[in-house]
Amino acid sequence: KRLNKNKYKNKENYILIAPTSNKLYPKANLSKKLDKVIEFLIKKNFKVIFRPHPLDLTSKGEIKLTNTLIKKFKKYENFEFDLSTSYVESYRKSKMLITDFSGTAYTYAFSNEKPVIFYSTFKKLSFEKKLKKLYYFKDRKNIGYIVNNLNDLYNKIKKINKNKNI
């Protein structure tokens, strides 16, 4: 039986932000930039869903950062937090994903056929050479874009919004 993709096409227009755990490679992950990225998108009037990594909803992760972000942004109408155990609804509602190097990038791209923007700061780290050899990192350009600043992020979002075939 063939899956009817139209049934699952998103009717909404959110940008989903779903980073890896804040404690995994903290110099390279999105955690230090989350506040600025979310604020930037909200001020540009994008609808945003923030879905923290499940570990960051516990004391083993960065629950303090997650709570700080919730308090800061909950007042905005164009902002949602997804703290549910299932990612299905956030995937459905969004038209693209912003992540750092979370495995959710591939789950999102392949299950929904929607683009991913990797907000990456790997160039600053010495372990990049080891990771570059992994298909996970080699294939990032096949499912989306890689950016490392807010201006590039904005330009890629505009590009995706203009091209419905991406």
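Refer to the structure printed above.
Residues numbered from 1 in each chain as written. Predicted model: local features only at pLDDT ≥ 70, side-chain atom pairs only at ≥ 80, totals over all residues. Heavy atoms only, no water.

**Let's talk about the packing of aromatic side chains**
Counted under the stated rule, the structure contains 9 aromatic pairs. Where phenylalanine 40 meets tyrosine 154, the ring centres are 6.0 Å apart and the plane angle is 90°; that geometry is what we call edge-to-face. Pair noted here: phenylalanine 40 is in helix H2 (residues 34-43) and tyrosine 154 is in helix H9 (residues 150-162), with a separation of 114 residues, a long-range link. Judged by relative accessible area, tyrosine 154 falls into the partly exposed class, the value being 23%. Ring plane angle 80° and centroid distance 5.6 Å describe the contact between phenylalanine 50 and phenylalanine 81, whose orientation is recorded as edge-to-face. Residue phenylalanine 50 is located in strand S2 (residues 47-50), and its partner phenylalanine 81 is located in strand S3 (residues 79-81); the two are separated by 31 residues in the primary sequence. Joined through ring pairs, the aromatic side chains of Phe50, Phe73, Tyr76, Phe79 and Phe81 make up one cluster. Taking NZ or CZ as reference, lysine 44 lies 4.6 Å from the ring centre of tyrosine 154, over its face. In this structure, lysine 93 packs its charged tip against the face of tyrosine 14, placed 4.8 Å from the ring centre. (Phe/Tyr/Trp six-rings, centres within 6.5 Å; stacked < 30°, edge-to-face > 60°. Helix = DSSP H or I, 4+ residues; strand = E, 2+ residues; numbered from the N terminus. Buried < 20%, exposed > 50% of the residue type's maximum accessible area, 1.4 Å probe, protein only. Lys NZ or Arg CZ within 6 Å of the ring centre and 35° of its normal.)

**Regarding the environment of asparagine 148**
For asparagine 148, the location among the structural elements is in the loop between strand S6 (144-147) and H9. As a C-alpha pair, asparagine 148 and aspartate 100 span 48 residues in sequence and 9.8 Å in three-dimensional space. Apart from the residues lying within four places of it in its own chain, the contact partners of asparagine 148 are Tyr119 and Ser120. Engagement of the side chain of asparagine 148 in a polar contact is seen with the side chain of asparagine 149, the distance being 3.1 Å. (Contact = heavy atoms within 4.5 Å. Polar contact = N/O pair within 3.5 Å; in protein donor to acceptor, adjacent residues only side chain to side chain.)

**A word on the nonpolar core**
Residues Ile17, Ile38, Leu41, Ile98, Ile117, Leu153 and Ile157 are the most contacted members of the largest nonpolar core, which totals 24 residues. The set of elements that each furnish at least two residues to this core consists of strand S1 (14-17), H2, S2, helix H3 (63-73), strand S4 (94-99), strand S5 (116-119), S6 and H9. With 6 residues, H2 is the single largest residue contributor to this core. With residues near it in sequence (within four places) discarded, isoleucine 17 still touches Leu30, Leu34, Val37, Ile38, Leu41, Val48, Ile49, Phe50, Arg51, Leu97 and Ile98. Counting 13 residues, the second-largest nonpolar core is a separate cluster that includes Ile49, Ala105, Phe118 and Ile143. (Core = buried A, V, L, I, M, F, W, Y, C linked by side-chain atoms within 4.5 Å.)

**Quick notes on helix H5 (residues 104-112)**
When H5 is considered as a whole, its buried residues turn out to be Thr104, Ala105, Tyr106, Tyr108 and Ala109. Of the residues one or two after H5, glutamate 113 is the one with positive phi, at around 55°.

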